[in-house]
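A look at the structure
Take a look at the letters that make up each chain.
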Amino acid sequence: PSIFYARVLTAHCNLPRVIHFSSLCDVILQQALKQLDPHRVGMEVTVVQCMRPVQDGVIRSLRENIGQSTPPWNRETDPKIMFLGSESLAGFVVTSGRQLAIENRQKGMSRFPVQWVDWEESAMGYPIMRSDLIAGCFLVSSAQPEYFVSLDRQKRIQYYAELLSVIFEPENFYPLQKVALGHMPTYDVQYKYIATFRQ
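Thresholds applied
Residues numbered from 1 in each chain as written. Predicted model: local features only at pLDDT ≥ 70, side-chain atom pairs only at ≥ 80, totals over all residues. Heavy atoms only, no water. Helix = DSSP H or I, 4+ residues; strand = E, 2+ residues; numbered from the N terminus. Rg over C-alpha atoms; globule rule 2.2 N^0.38 Å. Buried < 20%, exposed > 50% of the residue type's maximum accessible area, 1.4 Å probe, protein only. Contact = heavy atoms within 4.5 Å. Areas by Shrake-Rupley, 256 points an atom, 1.4 Å probe, with all protein chains shown as cover. Phe/Tyr/Trp six-rings, centres within 6.5 Å; stacked < 30°, edge-to-face > 60°. Axes fitted to C-alpha atoms, helices over the stretch in contact; angles between N-to-C directions. Parallel < 35°, antiparallel > 145°, perpendicular 65-115°, else oblique. Nonpolar A, V, L, I, M, F, W, Y, C, P; charged D, E, K, R; others polar. Pairing = 2+ DSSP bridges. Expected span 1.5 Å × (residues − 1). Salt bridge = Lys/Arg side-chain N within 4 Å of Asp/Glu carboxyl O.

Let us look at the overall build of the protein. What the protein contains, in helices and strands, is 6 helices and 7 strands. Reading the protein from its N end, one meets helices and strands in the order α-α-β-β-β-α-β-α-β-β-α-β-α. For the protein, the C-alpha radius of gyration of 16 Å lies close to 16 Å, the compact-globule estimate for 199 residues. Viewed in the frame of its principal axes, the protein has a C-alpha envelope of about 45 × 40 × 35 Å. Within the protein, the fraction of its 199 residues that count as buried is 46%. When contacts within the protein are restricted to residue pairs at least 6 apart in sequence, those whose partners lie at least 24 apart make up 66%. If you sum the accessible surface of the protein, you get close to 10800 Å²; carbon and sulfur atoms cover 55% of it.

Rendered as structure tokens:
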């Protein structure tokens, strides 16, 4: 809705830099859930961001940055940090710079070498880009199969990804040719390290 665009742009112009990105992500993801899953059949929406390169300027991995969900997912009681690579839908989308919708889990497992999480039956990713530069992708997972067959839903996901591109800082965008993702361990393996990282 136009009133939502106005709200986001007003916040974009007025929020302090320290809370700018996280606050606007929350606003956009809340609206995305409200519009894409109005009957709360089960959805998770996530902003996946390129990990800053260390020395050679090459992007080796992605990280789930901010997400929101409706049951059976529960982001509030089960916050997670997950690194993604070439084995993921997000990895394919970021590497190619193109959207991809996977109609159902069975078809996805046979056609695309991606990891699936609990309750995820269909998924779609849309790149977050400016021109030929990429910052990550907008990832949407549904507990319902065939949820992203609708072209109208795909278009709405595109609009949310384009709106997210506005709130990223210019330094968070990288040339597509600098993306060379590695293969990341499964979430269960990652969690053993991440759970005790701060200690």
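Further notes follow.
The subject of this paragraph is the packing of aromatic side chains. Under the definition given, this model contains 8 aromatic pairs. Note on Phe21 and Phe168: the rings are 4.8 Å apart at their centroids and 75° apart in plane angle, and the pair reads as edge-to-face. Taken together, the positions of Phe21 in helix 2 (residues 17-36) and Phe168 in the loop between helix 5 (151-167) and strand 7 (174-175) put the pair 147 residues apart, joining distant regions of the chain. Ring geometry for Tyr187 versus Tyr191: centroids 6.0 Å apart, planes at 55°, classification tilted. With Tyr187 and Tyr191 both in helix 6 (residues 187-194) and 4 residues apart, the pair spans about one turn of that helix.

Contact geometry of helix 1 (residues 2-14) with helix 2 gives a least axis separation of 10 Å together with a crossing angle of 175°. Considering their axes alone, helix 1 and helix 2 lie roughly antiparallel with respect to each other. Contact with helix 1, carried on its side by Phe4, Arg7, Val8, Ala11 and His12, involves His20, Leu24, Val27, Ile28 and Gln31 of helix 2 and no other residues of that element. Considering only residue class, the contact of helix 1 with helix 2 consists of 6 nonpolar, 3 polar and 1 charged.

Moving on: the pairing of strand 2 (residues 62-69). A large share of strand 2 lies buried, amounting to 6 of its 8 residues. Where strand 1 (residues 43-50) lies against strand 2, 7 bridges are found, and the strand directions are antiparallel. Residue pairing across strands places Val48 opposite Glu64, the latter belonging to strand 2. Across 2 bridges, the pairing between strand 2 and strand 3 (residues 83-84) is antiparallel. Bridging across to strand 3, Arg63 finds its partner in Phe83.

Attention now goes to the packing of helix 2 against helix 5. The relative placement of two packed helices comes down to the angle between their axes together with the axis-to-axis distance. Where helix 2 meets helix 5, the axes come as close as 10 Å, and the angle between the chain directions of the two elements is 170°. Comparing their axes, helix 5 and helix 2 come out roughly antiparallel. From helix 2, His20, Phe21, Leu24, Cys25, Ile28, Gln31, Ala32, Gln35 and Leu36 reach across to helix 5, where they touch Arg153, Arg156, Ile157, Tyr160, Leu163, Leu164 and Ile167.

For the rest of this paragraph, the subject is the pairing of strand 1. Along strand 1, 8 of the 8 residues are buried, which leaves the element largely enclosed by surrounding structure. Of the two faces of strand 1, the one carrying Met43, Val45, Val47 and Gln49 and the one carrying Glu44, Thr46, Val48 and Cys50 are both buried. In terms of strand pairing, strand 1 meets strand 6 (residues 133-142) through 7 bridges, oriented antiparallel. If you follow Thr46 over to strand 6, its bridge partner there is Leu139.

To continue, consider helix 2. Because an α-helix completes one turn every 3.6 residues, residues spaced three or four positions apart along the sequence face the same direction. For helix 2, with 20 residues, the first-to-last C-alpha span of 29 Å sits near the 28 Å given by 1.5 Å per residue. Where helix 2 is buried, its residues contact helix 1, strand 1, strand 2, strand 6 and helix 5.

Moving on, we come to the pattern of salt bridges. Between side chains of opposite charge, a pair can form when the charged atoms approach closely. Scanning all chains against the criterion turns up 4 salt bridges. When the shortest N-O distance is used, the salt bridge between Arg17 and Glu169 registers 3.7 Å. With Arg17 in helix 2 and Glu169 in the loop between helix 5 and strand 7, the pair connects residues that are 152 residues apart, well separated along the chain. The salt bridge involving Asp152 is made with Arg156; its shortest N-O contact spans 3.2 Å. Remark: Arg156 and Asp152 occur in helix 5; sequence separation between them is 4 residues, near one turn of the helix.

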